[in-house]
Amino acid sequence: MDLTFSPQEEAFRQEVRTFIADARTKLPKTVGAPEAATRTKDDYLAWHKLLYKKGWVAPLWPKQYGGTGWNVTQRYIFNEEVAMADMPTTLPFGLNMVAPVIFTFGNDEQKAKYLPRILSGEDWWCQGYSEPGAGSDLASLRTKAVREGDNYIVNGQKTWTTLAQYADMIFCLVRTDSNVKQQEGITFLLIDMKTPGITVKPIIVLDGAHEVNEVFFDNVKVPVANRVGEENKGWTYAKFLLVNERSGIAGVARSKKATQKLKEIAHAETIDGTPLVDDEDFARKIAELEIDLAALEYTELRTLAQESQGHAAGPESSILKIRGTEIQQRITELTLEAVGYYAYPNDRRLGANEFVGPDYALGEAGHYFNMRKASIYGGSNEIQRNIIAKAVLGL
Amino acid sequence: MDFSYTEEQTLLRNSVSKYLADNYKFEQWRKFTRSDLGRDPAHWKAFAELGLLAAALPEEYGGLGGGGVDNLVIMEEFGRALVVEPYVPTVVIGGGLLRHGGSDAQKTEWLGKIAAGETILAFAFAEPKGRYNLADLATTAKKQGSGYVLNGQKAVVLGAPWADHLIVTARTAGTGRDRSGISVFLVDKKAKGVTTRDYPTIDSLRASEMTFENVELAASALIGPADNGLPLIEKVIDEAIAAISAEATGCIKVLVDATVEYSKTRKQFGVPIGKFQVLQHRMVDMFVQYEQSVSITLMATLKLGDSDAERAKAASAAKVSIGKAGRFVGQQAVQIHGGIGMTDELNVGHYFKRLTLIDTLFGNTDHHLKRFAALG
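Residues numbered from 1 in each chain as written. Chains lettered and ligands numbered in written order. Predicted model: local features only at pLDDT ≥ 70, side-chain atom pairs only at ≥ 80, totals over all residues.

### Describing the overall build of chain A
Here's step 1: Summing up its helical and strand segments, chain A has eleven helices and ten strands in all.
Here's step 2: For 395 residues, the compact-globule estimate of 2.2 N^0.38 gives 21 Å, and chain A sits close to it at 22 Å.
Here's step 3: Projecting the C-alpha coordinates of chain A onto the three principal axes gives extents of approximately 75 × 50 × 50 Å.
Here's step 4: Counting the 395 residues in chain A, one finds 42% classified as buried. (Helix = DSSP H or I, 4+ residues; strand = E, 2+ residues; numbered from the N terminus. Rg over C-alpha atoms; globule rule 2.2 N^0.38 Å. Buried ≥ 20, exposed ≤ 12 C-beta atoms within 10 Å, placed from the backbone.)

Written out as structure tokens, the structure reads:
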């Protein structure tokens, strides 16, 4: 057991830092902006494309498909450096969600067709899982696919589809058999968003952002060739994907960066002439947060180490989702508290490049409200607790 | 011991709640809060006609002779409908400062105007660097002839875009955070040297950042004692805390009811989600928070006439309880609604936002915990 980094690992960290510093000069200014809400599709893709050119866009993929071949420590160092530099995360829907399903369960044609386009950023993917009637109870989904010759005809509706307004492709869970146990009648389809019959409708969330959408399917023709694996076996692939989604969800590096920003704000804000960060009550809250984050970090490292020894992430990964999102939410709560009365201005309704109060307060209240989603998405935290109760504790 | 409302108070509640049910539906609210003005002026007019603006003001100055409990009744109903009209700055704070500190001439002129709905006031007390300390003032009013010259900046002045006059706290003597040397002034928003920057707030109100540059004030602009205005300000802010605690209680009630109702109709795993014990217990905790909020708001309201220390402790106790209850109920209402609770389209998120900012207003939970503890 050893917690120190080897000279090779420190050298790797330097290499990552140099790359990020150089990348920053090549990117539009908005990419490195602290306020994520101002990032556009092009911003995300600009960063994605630089990583692609460097060969670093897919740390989670096997080398044969274009992955980095990094070990757990390298991935950890890379994530930390990217977060600390406030670079955007690459979107997970293609790289971390559908791609592992394709290279694990897809056929050779599918691998050849989709993986290079995910890697290059040519295809933007979104996730067609939740439906209005199927949230926590995902297996009750009703979007229907009926086989007609070499096609499936898809009808139904997906919802909470993140950034579907930009997507080229959607991976969908659809019902292909209604006469069996719910989980046994689901199929995993890859659908081109330009297919006639697909409509995307925006949903505006609490902070005024257009982040999620409803996606409607009206007699959408999908070639059978776009089915991953076997018909009615989609739930197996879906679960595999959800476990992957959970392990990435802890967000430790991003939370460290956000904690650093919180402390900067608490240094700048004063309470009776003293920096807020020195206020006994507030200092205690920040300390508790940092301790919780350290415990989460080492829980994640233990999980990653196990994975590196060939043990796939198990139901324990739900711990990372629960604690990761609780900590993310706590950071936004304390940040909102730190900015005092400057939580009030509604930044989204000010003009471009305008703000009220200190610039560090910009967007923080909105961020607090927006982050309430974290304990709902990716399987709500109640569902994660059910998973641990059943699968880990055997209750 | 008697916690029952008088017949007048019950009539008042019924009249407010009926007006809001008929004219202040969520869909209407969405429209006018997003208009350029941010409110529909017809409502303020109607409030005056219904006697709401007069209810808590003294009879001899055009009011109906009520008090804190009338404010509580009105604000609870306002909270339930997410009312944006500036009742607190105009009636509770403006009316309160004048009633407790104004000269007879000021009371006659201004309390009458407030009761009749002829004026809207905003309370400019917070400053960019002062956080929640009411005495931490960099704004100054220097004596000049018989009057004063006002200079400084005020932050997040709620309702200011709609106001015709401002009530401004300023330092007339002393420095820094001295408790003495503070005075209160009534300032015409159109006066030379007043500049405002108006903006919408995240909880659908409107506010302004304000700058005062050599604003000349007549001696008659002073409300209450010169150099010793802080006790008056504290008294009136405690009254305002009782009022916004009632508003929060109204918001909490809506969220508890909406969540319980939703959990009975939303089905997952073949049953309404309200059948899951983990959610049942959480909704019970939300309901407990609601009941505690009602109680502590009543306590703070009924102690408004007590000694300064008793009153202040009760107000801070209410502010702390309401802050905690608002956060828990708001967050859990969104959580139990799931994705739909995150949308701008549903009312739940808007109540959550209002509750969140009520915790900030007049000092957050930590601030009032400290104040309570310091009062012994």
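On we go.
### Brief notes about the interface of chain B and chain A
Here's step 1: Contacts between the two partners involve 31 residues from chain B and, on the opposite side, 34 residues from chain A.
Here's step 2: Those elements giving two or more residues to the side of chain B that touches chain A turn out to be β3 (147-158), β6 (194-200), β7 (206-217), α10 (308-337) and α11 (348-360) of chain B.
Here's step 3: Here the element with the most residues in the side of chain B that touches chain A is α11(B); it accounts for four residues.
Here's step 4: Considering only residue class, the side of chain B that touches chain A consists of twelve nonpolar, eleven polar and eight charged. (Contact = placed C-beta atoms within 7 Å. Nonpolar A, V, L, I, M, F, W, Y, C, P; charged D, E, K, R; others polar.)

### A short note on the packing of helix α8 (residues 280-308) of chain A against helix α9 (residues 317-338) of chain A
All names here are of chain A.
Here's step 1: Their axes nearest at 10 Å, the elements α8 and α9 cross at an angle of 155°. Overall, the two elements α8 and α9 adopt an arrangement that is roughly antiparallel. For α8 against α9, the interelement crossing comes out left-handed. Every residue of α9 that contacts α8 at Lys-285, Ile-286, Leu-289, Asp-292, Leu-293, Leu-296, Thr-299, Glu-300 and Thr-303 is listed here: Ser-317, Ile-319, Leu-320, Arg-323, Gly-324, Ile-327, Arg-330, Ile-331 and Leu-334.
Here's step 2: Among the residues forming the contact of α8 with α9, the class breakdown is nine nonpolar, four polar and five charged. (Axes fitted to C-alpha atoms, helices over the stretch in contact; angles between N-to-C directions. Parallel < 35°, antiparallel > 145°, perpendicular 65-115°, else oblique. Left-handed = near helix turned anticlockwise from the far one by under 90°.)

### Brief notes about the nonpolar core
Here's step 1: Membership of the largest hydrophobic core comes to 155 residues, with the highest contact counts inside it found for Leu150(B), Ile167(B), Phe185(B) and Ala240(B).
Here's step 2: The leading source of residues in this core is helix α8 (residues 230-265) of chain B, at 17 residues.
Here's step 3: In this structure, Trp125(A), Cys126(A), Ile186(A) and Val220(A) belong to the second largest nonpolar core, which totals 53 residues. (Core = buried A, V, L, I, M, F, W, Y, C linked by C-beta atoms within 7 Å.)

### Some points on the confidence of the model for chain B
Here's step 1: Scored by pLDDT, chain B comes out at a mean of 97, with 100% of its residues at no less than 70.
Here's step 2: For this predicted complex, the interface confidence score (ipTM) comes to 0.96, while the overall pTM stands at 0.96. (pLDDT = per-residue confidence, 0-100.)

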